[in-house]
Amino acid sequence: MQKMISLTTFSDEILPKFNHELVGRLRDLDTEKALKESMIYSVEAGGKRMRPLLIFVICQMFNHEIDNGVYSVAGALELIHTYSLIHDDLPAMDNDDLRRGKPTNHIVYGESMAILAGDALNTLAFEWIGRSDVVGDAQKVALMSRLAQLAGPEGMVGGQVADIEGEHQVLSLTQLKRVHKRKTGDLIEFAVYAGGILGNATTEQQAELIQYGRQFGLAFQIYDDIMDVVGTSEEMGKAVHKDNQENKNTYPGLIGLDQSYDTLRNVIDQAKVAIQNLKKTGLETGYLEELLHYFKLKN
Ligand code: GRG
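Summary of the structure given here. This one's a predicted model, so the numbers in the text were calculated from it and none came from an experiment.

**Digging into the overall build of the protein chain**
Turning to step 1, where the next piece is worked out: In terms of regular secondary structure, the protein chain is built from 15 helices and 2 strands.
Turning to step 2, where the next piece is worked out: Taken over C-alpha atoms, the radius of gyration comes to 19 Å for the protein chain, in line with the 19 Å a tight globule of 299 residues would show.
Turning to step 3, where the next piece is worked out: Taking the principal axes of its C-alpha atoms as reference, the protein chain extends roughly 50 × 50 × 35 Å.
Turning to step 4, where the next piece is worked out: In the protein chain, which comprises 299 residues, the share counted as buried stands at 53%.
Turning to step 5, where the next piece is worked out: Across the protein chain, contacts joining residues at least 24 apart in sequence account for 73% of those joining residues at least 6 apart.
Turning to step 6, where the next piece is worked out: Of the accessible surface of the protein chain, which amounts to about 13,700 Å², a share of 51% is contributed by carbon and sulfur atoms.

Here is the structure:
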């Protein structure tokens, strides 16, 4: 029987340890001071660490210790996520001044340094997985190639391009879903994939984890779209109501707020089906259920 710890324990104890390790490793880098500062600034700017949290709870579900190897993989994912946000905020992309309630990286360090900090975080991610002395070689190869695929042209970067290309067109819901899946969903999919690989999930369990992750990722983006309409800048730590002003394709823009909430509800229900299937394989799935409470279903 698994010894369960509460989700609050993850937030209160495991995430601070992880943050300490993450920033410590960046401080130890033998590189230029300005680059290091710029990288650390965004990594410790107060992200929710949702993707690492997914990896940690899945490892816990499989009784896999949250060791240095898990930190390397979860850290790598957070580095890639952070790089994507730094680049997304650049003047050539979304041109945002505020992220996580703080000035964006290029506002503080200038555009060149922000681009280079993003590049450095992206490449360092693969070094961290490759150099881990706890993760097995076969696992490393699987993790690195899947991360490259999901973060690269077929995944997040391609999704960002499709999003930009779609800005002056009205996308169909199917097209929008595909943009979201790649731009936002694919890194979340990596989190559940990595949890399953580290935890030695069976093929059947891995398939259900991916199913859960895909629905979680879609819900994450729909919720972000909804919050851009109903949230305040203080709550979100970034500018809101931008999507509409910038003619972005969003769920509320395409189908309205009420139907966006309905779609969110349906997507969460599908994530619950994956949870039920995982439960049938003997896993304790309470964490996966609790994580769905992140999405506040109003209306
Ligand atoms: C620039 C290559 C490149 C890719 C950018 C991630 C991305 C692709 C764009 C971000 C656009 C965006 C704001 C999407 C909404 C969902 C999302 C990814 C929100 C940010 O993630 P959180 O909420 O951020 O996990 P924190 O700050 O908590 O880490």
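**Quick notes on the pattern of salt bridges**
Turning to step 1, where the next piece is worked out: All chains considered together, the criterion is met by 15 salt bridges.
Turning to step 2, where the next piece is worked out: The shortest N-O distance in the salt bridge between Lys140 and Asp137 comes to 4.0 Å. Here Lys140 pairs with Asp137, and both are found in helix 7 (residues 137-151), just 3 residues apart, close to one helical turn.
Turning to step 3, where the next piece is worked out: Across the pair Arg146 and Glu189 runs a salt bridge, and its minimum N-O distance is 2.9 Å. Residue Arg146 is located in helix 7, and its partner Glu189 is located in helix 9 (residues 173-198); the two are separated by 43 residues in the primary sequence. Neither Arg146 nor Glu189 differs from the other in exposure class; each is buried.
Turning to step 4, where the next piece is worked out: The network of salt bridges with common partners includes Arg146, Lys181, Asp186, Glu189 and Arg214.

**Remarks on the site of the ligand**
Turning to step 1, where the next piece is worked out: The immediate surroundings of the ligand are formed by 18 residues, with Lys48, Arg51, His81, Arg100 and Asp224 found nearest.
Turning to step 2, where the next piece is worked out: Relative to its unbound accessible area of 700 Å², the ligand is 92% covered by the protein chains.
Turning to step 3, where the next piece is worked out: Put simply, the parts of the chain that give the shell around the ligand at least two residues each are helix 4 (68-89), helix 8 (156-165), helix 9 and helix 10 (203-230).
Turning to step 4, where the next piece is worked out: The leading source of residues in the shell around the ligand is helix 4, at 5 residues.
Turning to step 5, where the next piece is worked out: Here the residues of the shell around the ligand sort into 4 nonpolar, 7 polar and 7 charged.

**Thoughts on the environment of Asn249**
Turning to step 1, where the next piece is worked out: Inspection of the secondary structure puts Asn249 in the loop between helix 12 (242-245) and helix 13 (251-255).
Turning to step 2, where the next piece is worked out: Classification of Asn249 by relative accessible area gives buried; the value is 10%.
Turning to step 3, where the next piece is worked out: In this structure Asn249 touches Gly166, Glu167, Gln169, Val170, Leu171, Leu176, His180 and Leu254, once residues within four positions along its chain are discounted.
Turning to step 4, where the next piece is worked out: Side-chain polar atoms of Asn249 contact the backbone oxygen of Gly166, separated by 2.7 Å.
Turning to step 5, where the next piece is worked out: Within polar-contact distance, the side chain of Asn249 engages the backbone oxygen of Gln169 at 3.1 Å.

**A few points about the nonpolar core**
Turning to step 1, where the next piece is worked out: Ranked by size, the top nonpolar core spans 85 residues in total, and within it Ile55, Phe56, Leu143, Tyr212 and Phe216 carry the most contacts.
Turning to step 2, where the next piece is worked out: For this core, the element with the most residues is helix 10, which contributes 11 residues.
Turning to step 3, where the next piece is worked out: Discounting chain neighbours no more than four positions away, the residues touching Phe216 are Met50, Leu54, Ile188, Leu291, Leu292 and Phe295.

**Some remarks on unusual backbone geometry**
Turning to step 1, where the next piece is worked out: The backbone of Asn95 sits at a positive phi, close to 55°, despite the residue not being glycine.
Turning to step 2, where the next piece is worked out: Within the secondary structure, Asn95 is located in the loop between helix 4 and strand 1 (98-99).
Turning to step 3, where the next piece is worked out: For Arg100, which is not a glycine, the phi torsion comes out positive at approximately 55°.
Turning to step 4, where the next piece is worked out: Structurally, Arg100 is set in the loop between strand 1 and strand 2 (102-103).

**Things to note about helix 7**
Turning to step 1, where the next piece is worked out: Across its 15 residues, helix 7 extends 21 Å between first and last C-alpha, which sits within 8% of the 21 Å expected from 1.5 Å per residue.
Turning to step 2, where the next piece is worked out: Of all the positions in helix 7, only Lys140, Leu143, Arg146, Leu147, Leu150 and Ala151 are classed as buried. Angular distribution of buried residues about the axis of helix 7 spans 150°; they occupy a single face of the element. Away from its buried face by more than 90 degrees, helix 7 exposes Asp137, Ala138 and Val141.
Turning to step 3, where the next piece is worked out: Against helix 4, helix 6 (111-131), helix 8, helix 9 and helix 10 lie the buried residues of helix 7.

Here is what the cut-offs are and how they apply
- Residues numbered from 1 in each chain as written.
- Predicted model: local features only at pLDDT ≥ 70, side-chain atom pairs only at ≥ 80, totals over all residues.
- Heavy atoms only, no water.
- Helix = DSSP H or I, 4+ residues; strand = E, 2+ residues; numbered from the N terminus.
- Rg over C-alpha atoms; globule rule 2.2 N^0.38 Å.
- Buried < 20%, exposed > 50% of the residue type's maximum accessible area, 1.4 Å probe, protein only.
- Contact = heavy atoms within 4.5 Å.
- Areas by Shrake-Rupley, 256 points an atom, 1.4 Å probe, with all protein chains shown as cover.
- Salt bridge = Lys/Arg side-chain N within 4 Å of Asp/Glu carboxyl O.
- Near = heavy atom within 4 Å.
- Nonpolar A, V, L, I, M, F, W, Y, C, P; charged D, E, K, R; others polar.
- Polar contact = N/O pair within 3.5 Å; in protein donor to acceptor, adjacent residues only side chain to side chain.
- Core = buried A, V, L, I, M, F, W, Y, C linked by side-chain atoms within 4.5 Å.
- Expected span 1.5 Å × (residues − 1).
- Arc of directions from axis to C-beta.

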